[in-house]
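Inside the fold
If you want the building blocks of each chain, they are given just below.
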Amino acid sequence: MHLVLLGAPGAGKGTQVERLKGKLGLVHIAAGDLLRKAVKERTLLGQKAENFIKQGILVSDDIVLELLEDKIREEKKGFILDGFPRNLFQAKKLDEILDGQNRRLDLVINLEVKESTIIERLSRRLVCSSCGRIYNKENLGDFSSTCRVCGASFFQRDDDNPEAIRERIKTYLKHTHPLINYYRKKKILYNIEGEQSPEEITQKILNFLGRKEKI
Ligand code: AP5
Ligand code: MG
(Lines give C-alpha, C1' and ligand atoms only; values in the text may rest on other atoms or scores of the structure.)
(Ligands and ions follow the chains in the order given, each with its own letter.)
Protein backbone atom coordinates (compact mmCIF):
# COMPACT_ATOMS: atom_id res chain seq x y z
CA MET A 1 0.00 0.00 0.00
CA HIS A 2 1.22 3.51 -0.83
CA LEU A 3 -0.28 6.37 1.14
CA VAL A 4 0.25 10.12 1.37
CA LEU A 5 -0.69 12.11 4.44
CA LEU A 6 -1.55 15.66 3.48
CA GLY A 7 -2.30 18.60 5.75
CA ALA A 8 -1.21 22.01 6.96
CA PRO A 9 1.68 22.44 9.42
CA GLY A 10 0.56 21.00 12.74
CA ALA A 11 -2.39 19.14 11.23
CA GLY A 12 -1.12 15.97 12.91
CA LYS A 13 0.61 14.21 10.01
CA GLY A 14 3.57 12.96 12.06
CA THR A 15 1.33 11.97 14.98
CA GLN A 16 -0.93 9.90 12.75
CA VAL A 17 1.86 8.20 10.81
CA GLU A 18 3.47 7.10 14.08
CA ARG A 19 0.16 5.50 15.09
CA LEU A 20 -0.63 3.98 11.69
CA LYS A 21 2.65 2.65 10.38
CA GLY A 22 2.92 -0.34 12.75
CA LYS A 23 -0.75 -1.25 12.35
CA LEU A 24 -0.47 -1.16 8.57
CA GLY A 25 3.08 -2.53 8.29
CA LEU A 26 4.20 0.49 6.29
CA VAL A 27 7.40 2.53 6.33
CA HIS A 28 7.21 6.20 7.32
CA ILE A 29 9.00 8.50 4.87
CA ALA A 30 8.94 12.02 6.32
CA ALA A 31 10.45 14.78 4.21
CA GLY A 32 10.79 17.20 7.14
CA ASP A 33 12.47 14.62 9.41
CA LEU A 34 14.97 13.69 6.69
CA LEU A 35 15.73 17.35 6.06
CA ARG A 36 16.22 18.08 9.78
CA LYS A 37 18.52 15.05 10.06
CA ALA A 38 20.60 16.37 7.15
CA VAL A 39 20.80 19.78 8.86
CA LYS A 40 21.86 18.21 12.16
CA GLU A 41 24.54 16.13 10.46
CA ARG A 42 25.80 19.19 8.58
CA THR A 43 25.68 17.41 5.21
CA LEU A 44 25.92 19.55 2.08
CA LEU A 45 22.18 19.14 1.45
CA GLY A 46 21.45 20.01 5.06
CA GLN A 47 23.51 23.18 4.88
CA LYS A 48 21.66 24.25 1.73
CA ALA A 49 18.25 23.50 3.30
CA GLU A 50 18.76 24.98 6.79
CA ASN A 51 17.73 28.59 6.17
CA PHE A 52 14.67 27.68 4.15
CA ILE A 53 13.40 25.43 6.96
CA LYS A 54 14.08 28.06 9.64
CA GLN A 55 12.10 30.64 7.68
CA GLY A 56 9.23 28.25 6.99
CA ILE A 57 9.51 28.28 3.21
CA LEU A 58 9.91 25.31 0.86
CA VAL A 59 13.34 23.83 0.27
CA SER A 60 14.07 23.55 -3.47
CA ASP A 61 12.61 20.57 -5.31
CA ASP A 62 16.01 19.25 -6.37
CA ILE A 63 17.27 19.06 -2.76
CA VAL A 64 14.10 17.32 -1.60
CA LEU A 65 14.17 14.86 -4.49
CA GLU A 66 17.82 14.09 -3.94
CA LEU A 67 16.94 13.14 -0.37
CA LEU A 68 13.73 11.23 -1.08
CA GLU A 69 13.66 9.81 -4.58
CA ASP A 70 15.78 6.70 -3.89
CA LYS A 71 13.94 6.00 -0.65
CA ILE A 72 10.61 6.03 -2.49
CA ARG A 73 11.93 3.90 -5.37
CA GLU A 74 13.56 1.36 -3.09
CA GLU A 75 10.78 0.94 -0.52
CA LYS A 76 9.15 -2.36 -1.40
CA LYS A 77 7.04 -2.96 1.75
CA GLY A 78 4.82 0.04 1.07
CA PHE A 79 5.01 3.51 2.56
CA ILE A 80 3.25 6.46 4.13
CA LEU A 81 4.64 9.72 2.81
CA ASP A 82 4.49 12.69 5.20
CA GLY A 83 5.44 16.18 3.96
CA PHE A 84 5.92 15.01 0.38
CA PRO A 85 4.63 15.91 -2.15
CA ARG A 86 4.29 19.56 -1.21
CA ASN A 87 3.62 21.19 -4.56
CA LEU A 88 2.31 20.18 -7.97
CA PHE A 89 5.76 19.56 -9.39
CA GLN A 90 6.53 17.08 -6.59
CA ALA A 91 3.12 15.41 -6.98
CA LYS A 92 3.71 14.84 -10.69
CA LYS A 93 7.23 13.60 -9.97
CA LEU A 94 5.82 11.09 -7.47
CA ASP A 95 3.33 9.83 -10.08
CA GLU A 96 6.19 9.48 -12.56
CA ILE A 97 8.36 7.49 -10.12
CA LEU A 98 5.52 5.12 -9.23
CA ASP A 99 4.27 4.76 -12.84
CA GLY A 100 7.80 3.81 -13.89
CA GLN A 101 7.64 0.91 -11.42
CA ASN A 102 4.07 -0.13 -12.23
CA ARG A 103 2.96 1.05 -8.81
CA ARG A 104 0.42 3.67 -7.88
CA LEU A 105 -0.76 5.78 -4.96
CA ASP A 106 -3.64 4.05 -3.21
CA LEU A 107 -4.88 6.89 -1.04
CA VAL A 108 -4.18 10.48 -0.03
CA ILE A 109 -5.45 11.27 3.46
CA ASN A 110 -6.04 14.97 4.02
CA LEU A 111 -6.21 16.17 7.64
CA GLU A 112 -8.32 19.33 7.88
CA VAL A 113 -7.65 21.77 10.74
CA LYS A 114 -8.43 25.42 11.47
CA GLU A 115 -5.66 28.03 11.45
CA SER A 116 -6.20 28.77 15.15
CA THR A 117 -5.62 25.08 15.93
CA ILE A 118 -2.37 25.07 13.95
CA ILE A 119 -0.95 28.03 15.85
CA GLU A 120 -1.99 26.65 19.21
CA ARG A 121 -0.61 23.16 18.52
CA LEU A 122 2.72 24.25 17.10
CA SER A 123 3.50 26.69 19.87
CA ARG A 124 3.16 23.91 22.46
CA ARG A 125 4.80 21.03 20.55
CA LEU A 126 7.88 19.32 21.94
CA VAL A 127 9.94 16.68 20.13
CA CYS A 128 12.22 14.04 21.62
CA SER A 129 15.81 14.84 20.73
CA SER A 130 16.67 11.16 20.34
CA CYS A 131 13.74 9.12 18.94
CA GLY A 132 11.76 12.02 17.43
CA ARG A 133 8.51 11.17 19.25
CA ILE A 134 6.04 14.07 19.15
CA TYR A 135 4.51 15.50 22.34
CA ASN A 136 2.68 18.59 23.40
CA LYS A 137 3.24 20.47 26.63
CA GLU A 138 -0.21 19.60 28.04
CA ASN A 139 -0.15 15.84 27.60
CA LEU A 140 3.23 15.36 29.26
CA GLY A 141 1.83 15.32 32.77
CA ASP A 142 3.47 16.86 35.82
CA PHE A 143 6.43 14.60 36.20
CA SER A 144 7.85 13.94 32.79
CA SER A 145 10.55 16.19 31.52
CA THR A 146 12.02 13.42 29.37
CA CYS A 147 10.71 11.16 26.60
CA ARG A 148 8.50 8.31 27.84
CA VAL A 149 9.91 5.97 25.21
CA CYS A 150 13.66 6.54 25.34
CA GLY A 151 14.25 8.94 28.25
CA ALA A 152 15.99 11.63 26.18
CA SER A 153 15.31 15.36 26.58
CA PHE A 154 12.90 17.41 24.46
CA PHE A 155 13.52 20.28 22.09
CA GLN A 156 11.34 22.84 20.38
CA ARG A 157 11.72 22.92 16.59
CA ASP A 158 13.46 26.01 15.16
CA ASP A 159 10.46 26.65 12.91
CA ASP A 160 7.91 26.46 15.75
CA ASN A 161 8.01 30.21 16.46
CA PRO A 162 5.22 32.67 15.58
CA GLU A 163 7.01 34.21 12.58
CA ALA A 164 7.98 30.89 10.97
CA ILE A 165 4.55 29.40 11.72
CA ARG A 166 2.87 32.32 9.87
CA GLU A 167 5.20 31.77 6.90
CA ARG A 168 4.61 28.01 6.89
CA ILE A 169 0.84 28.54 6.76
CA LYS A 170 1.24 30.99 3.85
CA THR A 171 3.52 28.55 2.04
CA TYR A 172 1.07 25.71 2.65
CA LEU A 173 -1.87 27.68 1.24
CA LYS A 174 0.03 28.76 -1.85
CA HIS A 175 1.87 25.56 -2.78
CA THR A 176 0.41 22.54 -0.98
CA HIS A 177 -3.31 23.25 -0.63
CA PRO A 178 -3.81 22.94 -4.45
CA LEU A 179 -2.84 19.26 -4.13
CA ILE A 180 -6.22 18.59 -2.52
CA ASN A 181 -7.90 19.26 -5.85
CA TYR A 182 -5.20 17.40 -7.76
CA TYR A 183 -5.91 14.22 -5.78
CA ARG A 184 -9.66 14.79 -5.63
CA LYS A 185 -9.71 14.74 -9.43
CA LYS A 186 -7.80 11.45 -9.35
CA LYS A 187 -10.46 10.11 -6.94
CA ILE A 188 -7.97 9.02 -4.32
CA LEU A 189 -8.59 11.76 -1.74
CA TYR A 190 -9.97 11.02 1.72
CA ASN A 191 -10.74 14.12 3.80
CA ILE A 192 -10.81 13.77 7.54
CA GLU A 193 -11.61 16.23 10.31
CA GLY A 194 -8.26 16.79 12.04
CA GLU A 195 -9.77 18.54 15.09
CA GLN A 196 -10.79 15.22 16.67
CA SER A 197 -8.59 13.35 19.12
CA PRO A 198 -5.59 11.46 17.66
CA GLU A 199 -7.28 8.16 18.64
CA GLU A 200 -10.52 8.99 16.81
CA ILE A 201 -8.66 10.06 13.69
CA THR A 202 -6.57 6.87 13.59
CA GLN A 203 -9.66 4.73 14.05
CA LYS A 204 -11.54 6.50 11.27
CA ILE A 205 -8.62 6.11 8.88
CA LEU A 206 -8.33 2.40 9.72
CA ASN A 207 -12.08 1.93 9.27
CA PHE A 208 -11.95 3.70 5.92
CA LEU A 209 -9.00 1.59 4.75
CA GLY A 210 -10.84 -1.56 5.85
CA ARG A 211 -13.91 -0.58 3.85
CA LYS A 212 -11.82 0.36 0.83
CA GLU A 213 -10.03 -2.98 0.91
CA LYS A 214 -13.35 -4.82 0.62
CA ILE A 215 -14.56 -2.83 -2.43
P1 AP5 B 1 7.58 19.28 8.09
O2 AP5 B 1 8.46 18.68 9.10
O3 AP5 B 1 6.88 18.37 7.14
O4 AP5 B 1 6.57 20.23 8.84
P5 AP5 B 1 5.06 20.68 8.58
O6 AP5 B 1 4.44 20.27 7.31
O7 AP5 B 1 5.06 22.13 8.86
O8 AP5 B 1 4.25 19.85 9.59
P9 AP5 B 1 4.60 19.60 11.09
O10 AP5 B 1 5.61 18.51 11.20
O11 AP5 B 1 4.89 20.89 11.79
O12 AP5 B 1 3.17 19.14 11.63
P13 AP5 B 1 2.47 17.72 11.61
O14 AP5 B 1 1.30 17.80 10.68
O15 AP5 B 1 3.43 16.60 11.42
O16 AP5 B 1 1.89 17.71 13.09
P17 AP5 B 1 2.33 16.87 14.39
O18 AP5 B 1 1.86 15.45 14.26
O19 AP5 B 1 3.76 17.11 14.72
O20 AP5 B 1 8.42 20.31 7.20
C21 AP5 B 1 9.24 21.29 7.80
C22 AP5 B 1 9.93 22.14 6.75
O23 AP5 B 1 10.77 21.33 5.92
C24 AP5 B 1 9.01 22.87 5.75
O25 AP5 B 1 8.52 24.08 6.27
C26 AP5 B 1 9.96 23.07 4.57
O27 AP5 B 1 10.85 24.14 4.80
C28 AP5 B 1 10.76 21.79 4.56
N29 AP5 B 1 10.14 20.73 3.73
C30 AP5 B 1 9.60 19.56 4.19
N31 AP5 B 1 9.13 18.82 3.17
C32 AP5 B 1 9.38 19.53 2.04
C33 AP5 B 1 9.10 19.30 0.66
N34 AP5 B 1 8.46 18.20 0.24
N35 AP5 B 1 9.49 20.25 -0.23
C36 AP5 B 1 10.12 21.37 0.17
N37 AP5 B 1 10.40 21.66 1.46
C38 AP5 B 1 10.03 20.74 2.39
O39 AP5 B 1 1.40 17.56 15.49
C40 AP5 B 1 1.62 18.89 15.90
C41 AP5 B 1 1.27 19.05 17.40
O42 AP5 B 1 -0.12 18.83 17.57
C43 AP5 B 1 1.98 18.04 18.32
O44 AP5 B 1 2.30 18.66 19.53
C45 AP5 B 1 0.92 16.93 18.53
O46 AP5 B 1 1.08 16.29 19.79
C47 AP5 B 1 -0.37 17.73 18.46
N48 AP5 B 1 -1.48 16.98 17.86
C49 AP5 B 1 -1.42 16.18 16.73
N50 AP5 B 1 -2.65 15.68 16.46
C51 AP5 B 1 -3.49 16.17 17.41
C52 AP5 B 1 -4.90 16.02 17.65
N53 AP5 B 1 -5.66 15.27 16.85
N54 AP5 B 1 -5.43 16.68 18.71
C55 AP5 B 1 -4.66 17.46 19.52
N56 AP5 B 1 -3.32 17.64 19.35
C57 AP5 B 1 -2.75 17.01 18.31
MG1 MG C 1 5.51 16.48 11.00
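About the thresholds
Residues numbered from 1 in each chain as written. Chains lettered and ligands numbered in written order. Predicted model: local features only at pLDDT ≥ 70, side-chain atom pairs only at ≥ 80, totals over all residues. Heavy atoms only, no water. Phe/Tyr/Trp six-rings, centres within 6.5 Å; stacked < 30°, edge-to-face > 60°. Helix = DSSP H or I, 4+ residues; strand = E, 2+ residues; numbered from the N terminus. Buried < 20%, exposed > 50% of the residue type's maximum accessible area, 1.4 Å probe, protein only. Disulfide = S-S within 2.5 Å. Axes fitted to C-alpha atoms, helices over the stretch in contact; angles between N-to-C directions. Parallel < 35°, antiparallel > 145°, perpendicular 65-115°, else oblique. Left-handed = near helix turned anticlockwise from the far one by under 90°. Contact = heavy atoms within 4.5 Å. Salt bridge = Lys/Arg side-chain N within 4 Å of Asp/Glu carboxyl O. Near = heavy atom within 4 Å. Polar contact = N/O pair within 3.5 Å; in protein donor to acceptor, adjacent residues only side chain to side chain. Areas by Shrake-Rupley, 256 points an atom, 1.4 Å probe, with all protein chains shown as cover. Nonpolar A, V, L, I, M, F, W, Y, C, P; charged D, E, K, R; others polar. Pairing = 2+ DSSP bridges.

**Description of the packing of aromatic side chains**
Tallying each qualifying case throughout the model produces three aromatic pairs. A centroid spacing of 5.0 Å and a plane angle of 65° characterise the contact between Tyr135 and Phe154, whose relative ring orientation is edge-to-face. Placement of the pair is Tyr135 in strand β6 (residues 134-136) and Phe154 in strand β7 (residues 154-155), with a sequence separation of 19 residues. Of the two residues examined, Tyr135 and Phe154, each falls in the buried class.

**A few points about the state of the cysteines**
The full count for this structure, using the stated rule, is zero disulfides. Looking at Cys128, it has no disulfide partner, and the nearest cysteine sulfur is the one in Cys150, 3.5 Å off. Since its relative accessible area comes to 37%, Cys150 is described here as partly exposed.

**Some thoughts on the packing of helix α2 (residues 31-40) against helix α4 (residues 61-74)**
With their axes 10 Å apart at the nearest point, α2 and α4 run at an angle of 115° to one another. Comparing their axes, α4 and α2 come out roughly perpendicular. Relative to α4, α2 is oriented so that their crossing is right-handed. Touching Ala31, Leu34 and Leu35 of α2 are Ile63, Val64, Leu67, Leu68 and Lys71, all from α4.

**Considerations on the pattern of salt bridges**
Scanning all chains against the criterion turns up 15 salt bridges. Asp106 is the salt-bridge partner of Arg104, the closest N and O atoms lying 3.5 Å from each other. Relative accessible area serves as the criterion here: at 55%, Arg104 is assigned to the exposed category. By relative accessible area, which is 16% here, Asp106 ends up buried. Note that Asp159 and Arg168 form a salt bridge whose closest N and O atoms lie 3.6 Å from each other. Accessibility assignment for this pair places Asp159 and Arg168 in one class, buried. One network of salt bridges, in which partners are shared, links Arg125, Arg157, Asp159, Asp160 and Arg168.

**Examining the environment of Ile29**
Along the chain, Ile29 turns up in strand β2 (residues 27-30). Taking the C-alpha atoms as reference points, Ile29 and Glu75, separated by 46 residues in sequence, lie 9.4 Å from one another. Beyond its immediate chain neighbours, meaning those up to four positions away, Ile29 contacts Leu34, Leu68, Lys71, Ile72, Glu75, Phe79, Ile80, Leu81 and Asp82.

**Digging into unusual backbone geometry**
Across the junction of Phe84 and Pro85, the peptide omega takes the value -5°, indicating a cis bond. Turning to its location among the elements, Pro85 is positioned in the loop between β3 (79-82) and α5 (88-99). In this structure, Arg42 takes a positive phi of about 55° despite not being glycine. Its location among the elements puts Arg42 in the loop between α2 and α3 (44-55). We classify Arg42 as partly exposed; its relative accessible area is 46%.

**Quick look at the site of ligand 1**
In the neighbourhood of ligand 1, 36 residues make up the surrounding shell, with Thr15, Ile57, Arg86, Arg125 and Arg168 lying closest. In the model, an oxygen atom of ligand 1 is placed 2.5 Å from a nitrogen or oxygen of the Thr15 side chain. Bound to the protein, ligand 1 loses 94% of the 1,100 Å² it would expose on its own. Put simply, the parts of the chain that give the shell around ligand 1 at least two residues each are α1 (13-24), α2, α3, α6 (115-123), β6 and α9 (198-214). Of the residues belonging to the shell around ligand 1, the class tally is 17 nonpolar, eleven polar and eight charged.

**Some thoughts on the sheet that holds β2**
Picture the strands of a sheet paired through backbone hydrogen bonds; they go either parallel or antiparallel. The parallel open sheet is built from five strands, whose spatial order is β2-β3-β1-β4-β8. Edge positions in the sheet fall to β2 and β8 (189-193), since each of these pairs with one other strand and no more. In this sheet, adjacent strand axes meet at a mean angle of 20° when their direction is disregarded. In the packing of helix α8 (residues 178-185) onto the sheet, contacts are made with β1 (2-7), β4 (107-112) and β8, and the angle to β8 comes to roughly 130°.

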